[in-house]
Amino acid sequence: MSYSFLIPLQVFALGFIISLGMAVLIKVMLFAIRKFSNEPAKDQNETH
Amino acid sequence: MNILDIFQGISTLFVQEPKIAIFRIVLVVLGIFLVYLGTKGTLEPLIMIPMGFGMSAVNAGVLFLTSSTTGTIFIDPMLSDTDALMNILQIDFLQPIYTFMFSNGLIACIVFMGIGVITDIGFLLRYPFTSMLIAMFAELGTVLTFPIATAMGLNYGEAAAVSLIGGADGPMVLYARAAAVKTSKFHNISSREKLIFAVIANTLLCFLFPVAAPLFLSFFIGIAVRESGLDKYAKLIEHGFLYTGTFFLGLMLGVLCEASTILNPKVLTLLVLGMLSLLISGIGGILGGYIVYFANKKNFNPVIGIAGVSCVPTTAKVAQKEVHKAKSP
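First things first, this report covers the structure right here in the doc. Just so you know, the residues in each chain are numbered from 1, in the order the chain's sequence is written. By the order in which they are written, chains take letters starting at A while ligands take numbers starting at 1. Restriction of local features to residues with pLDDT of at least 70 applies here, the model being predicted, together with a cutoff of 80 or more for giving and counting side-chain atom pairs; totals for whole chains, interfaces and linings are based on all residues. Only heavy atoms go into the side-chain values, all of them from the structure, while hydrogens and water stay out.

### Quick notes on empty space enclosed by the protein
Residue and element names in this part refer to chain B. Whether a set of points on the 1 Å grid over the protein atoms alone is a cavity depends on a 1.4 Å probe fitting there but being unable to get out, while an open set qualifies as a pocket with protein on both sides within 12 Å along at least five of seven lines; lining residues are those with an atom within 4 Å of a point. Grid points are joined across faces, edges and corners, and a volume is the space filled by probe spheres set on the points. Evaluated as defined, the whole model comprises one cavity of 30 Å³ or more. Each pocket or cavity is described by its volume, and for the largest cavity that value is around 40 Å³. Lining the largest cavity are Val58, Thr72, Ile75, Pro77, Val255, Leu256, Glu258 and Thr261. Counted by class, the lining of the largest cavity contains five nonpolar, two polar and one charged residues. Lys, Arg, Asp and Glu make up the charged group, whereas Ala, Val, Leu, Ile, Met, Phe, Trp, Tyr, Cys and Pro make up the nonpolar group; the residues left over, Gly among them, are polar.

Now the structure itself:
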């Protein structure tokens, strides 16, 4: 396969792995916050 | 004395090469047309009105810089010699904006701060896998344009730079029937969760890609300001930074569209490849939206797919407008 096709495919694959990792991180983060937090999941904007 | 020498914008038309002169007129008319499309709302007015004005002004306002050369006193983007640059900074009125904000990425960071302030990342946090999948499909233009660009003679660095345009902004129009699909509601993500995500993601991404750290910081600090409830900072960034940055971005883009620059074969190639990259990315985004639509048993609006193309929310805005039009009685 031409090298000019391989480079974007490699970058795409790396991007895919990182994106997947970020998605897993988000799920883990939300789970951890809700597990260790007593507050319900709603907006809590305070004006400063 | 030739009377036309007083009106140099016109007399330069007769001195320049015919194709540049004709293209100057074309770009003047195109600039006026972009202003018209912006005021009508067909294209994003925040960008198109300053861009259209800039484009028509820079192509009309050509003068004799010396007895034998023509140019403008708007900007010289190709200048790199320090002494010449210091000289031009005192003459060309947009040169300081270009040199100190455009070419070093400051204007992009300012716009990203504003985007962070107006962005609700709730959908991303609620559906991270769907969001990432759509974003990956919306990068299709980047992947497919790279080999096309290298085949057209660009080196790997140039091809990568122009292919990345596929992940950037671009106004797209969708088929209205996609707008008629029902969407499922999603639960709110709290501001605290969004703030914690902003802190973690910012730090992690800066560790992984320090070359893009200024953009990460800008975007996530905007999100942090929004989710912390810092209204005064949010207003400063949204109304001050974002709109100032957007205005000058549009104006600079218009002023950079000078006929002699665009007719440079290399620039023309980059323009065509950039448009191709955006087009393929748009198609990729729509494909990604439809894949999620069928995977979720039609419980997902595929219109969201094209919003994955944008690093600034114009395609999302266009998609939202088309959906609203399709759903209005």
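### What about the packing of helix 1 (residues 8-15) of chain B against helix 2 (residues 18-40) of chain B?
Residues and elements named next belong to chain B. At their nearest, the axes of helix 1 and helix 2 sit 7 Å apart, and the two run at 140° to each other. In this view, helix 1 runs oblique relative to helix 2, as classed from their interaxial angle. Residue-level inspection shows Gly9, Thr12 and Leu13 of helix 1 in contact with helix 2, the latter providing Ala21, Arg24 and Ile25. Grouping the constituent residues of the contact of helix 1 with helix 2 by class yields three nonpolar, two polar and one charged. Angles here are taken between N-to-C directions and fall from 0 to 180 degrees, while the axes themselves are lines fitted to C-alpha atoms, restricted in helices to the stretch in contact. Numbering of helices and strands starts at the N terminus; helices are DSSP runs of H or I of at least 4 residues and strands are runs of E of at least 2. Any angle between 65 and 115 degrees counts as roughly perpendicular, while under 35 counts as roughly parallel, over 145 as roughly antiparallel, and the rest as oblique. Whether two residues touch is decided by their heavy atoms; if any such pair falls within 4.5 Å, the residues are in contact.

### What about the interface of chain A and chain B?
Of the residues lining the interface, 32 residues belong to chain A; the matching set on chain B comes to 34 residues. Note on chain A versus chain B: buried area summed over both sides is about 2,900 Å², and carbon and sulfur give 73% of it. One speaks of a salt bridge when a side-chain nitrogen belonging to Lys or Arg is within 4 Å of a carboxyl oxygen belonging to Asp or Glu. In this assembly, chain A and chain B are joined by one salt bridge. Any N or O atom pair separated by 3.5 Å or less is treated as a polar contact, with the protein-specific requirement of one donor-capable and one acceptor-capable atom, and with residues adjacent in sequence counted only for side-chain atom pairs. At the boundary of chain A and chain B, one finds one residue pair in polar contact (both at pLDDT 80 or more). Taken together, the residues that form the side of chain A that touches chain B break down as 18 nonpolar, eight polar and six charged. Each of two parts loses accessible area, computed with a 1.4 Å probe, when they are put together; buried area is these two losses added.

Everything listed here is a matter of coordinates, which is why it stays silent on function.
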